[in-house]
Amino acid sequence: MEAEKKAIFSGMQPTGMPHLGNYLGALKNWVALQDEYRCVYCIVDMHSLTVRQDPAVLRRRSRELLQMYIAMGLDPEKAIIYFQSHVSGHAELAWILNCFTYMGELGRMTQFKEKSQKNSDNINAGLFTYPVLMAADILLYNADLVPIGDDQRQHMELCRNIALRFNNIYGDVFTVPEPYLPKIGARIMGLAEPERKMSKSDGANENNLIYLLDKPELIMKKFKSAVTDSGNEVKYSSDKPGISNLLVIYSAATGVDISQAENEFEGKGYGFFKQAVGEAVIEFIKPIQRRFEELNKDKDYVDAIIRANGEKANAIASRVLRKVKKKVGFPAV
Ligand code: TYM
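Residues numbered from 1 in each chain as written. Predicted model: local features only at pLDDT ≥ 70, side-chain atom pairs only at ≥ 80, totals over all residues. Heavy atoms only, no water.

## A word on the pairing of strand β3 (residues 80-83)
Here is step 1 of the chain: Burial of β3 is two-sided: the residues Ile-80 and Tyr-82 facing one way and the residues Ile-81 and Phe-83 facing the other way are all buried.
Here is step 2 of the chain: When strand β2 (residues 38-43) meets β3, the two strands line up parallel, connected through 4 bridges. Along β3, the bridge assignment pairs Cys-42 with Tyr-82. (Buried < 20%, exposed > 50% of the residue type's maximum accessible area, 1.4 Å probe, protein only. Helix = DSSP H or I, 4+ residues; strand = E, 2+ residues; numbered from the N terminus. Pairing = 2+ DSSP bridges.)

## Focus: the domain arrangement of the chain
One frequently used descriptor of interface size is the decrease in accessible area upon assembly of the parts.
Here is step 1 of the chain: Segmenting the chain into domains produces domain 1 (2-185 + 299-328) and domain 2 (200-292).
Here is step 2 of the chain: Domain 1 puts 22 residues into the contact, and the matching count from domain 2 is 19 residues.
Here is step 3 of the chain: Taken together, the connections running from domain 1 to domain 2 amount to 5 residue pairs in polar contact (both at pLDDT 80 or more).
Here is step 4 of the chain: Listing elements by their share of the side of domain 1 that touches domain 2, those giving two or more residues are α1 (20-33) and α3 (55-71).
Here is step 5 of the chain: By residue class, the composition of the side of domain 1 that touches domain 2 is 12 nonpolar, 7 polar and 3 charged. (Domains from an automatic or database assignment. Contact = heavy atoms within 4.5 Å. Polar contact = N/O pair within 3.5 Å; in protein donor to acceptor, adjacent residues only side chain to side chain. Nonpolar A, V, L, I, M, F, W, Y, C, P; charged D, E, K, R; others polar.)

## Description of the state of the cysteines
Here is step 1 of the chain: A complete count under the given rule lists 0 disulfides for this structure.
Here is step 2 of the chain: As a non-bridged cysteine, Cys-99 has Cys-159 as the owner of its nearest cysteine sulfur, 16 Å distant.
Here is step 3 of the chain: Of the cysteine sulfurs around Cys-159, a residue in no disulfide, the closest is that of Cys-42, at 14 Å. (Disulfide = S-S within 2.5 Å.)

Structure (structure tokens):
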């Protein structure tokens, strides 16, 4: 029965607590899909090294992110949740796939261009080959589906191209994965700058993002100070980026569709609407925070999950890697 289920892989960088964009764009789907699929969800700590990290902070955040995965509803008995650095197959496969990826393809990646602009004093080779490691993550588990937000689409396309290229040479080795995006919430924008996506690297402007561990009062304060647009109508429209983003957040958080929400807030004014969006977000975040706090106190449980799930991930990854090594012509051990 289990073997018939399709496979899912996704990951998130432990460079900070997840924000509302991460949650509504990707993590919410991870939870929704865990019963129907064989899910593998990674904390991609190796990816985080492309930008300088304080070792103690990276270690703490990686563990907190794993706790957050559980707190938001992932069941570690159903889904495999683990650290990328605990499975050496990621790095091994990334090397092999590097030899099937062209410089030109990597040079076209918009995230590489953006990140190298932001970190102009540290444009390292890892930043350039980052999408190959991401492709290795996904292909190592023969994922059919990859739940992600809109900003990872281009990386996914490259992953598919690498898989197809490899399969053309060696036969059907890899499953060619499909991206899986939410209908609403694939691109949550900043609250203070609704023309730009909500992003951790905007930490300087704390009002721009809501973190899943923000206290309810802070969440409400941030929503109240969210940038709106001229006029007073709660309508989804390209010339109303602030209100449209809040409508998307409201809809993704409550399941009410956008047109219904427009009706609900007709004639109510921006202040009332912003308060309602804040309340809707606080509502689903509260139980997540409660569970996170509980896990904080249960070190043994978390340690056991880390060990058991790392082993499960390693077992799958080793099988696929063994096949790949044989295909490319490495001698048997
Ligand atoms: P990361 O850590 O930046 O983000 C994790 C997930 O959150 C989504 N996301 C958003 N969705 C909607 N609105 C936003 N403003 C927003 N910001 C972020 C991202 O699309 C992502 O799905 N390279 C990946 C991590 C990764 C990965 C993988 C993902 C490494 N290997 C393999 C999938 C499969 C990244 O940096 O995501």
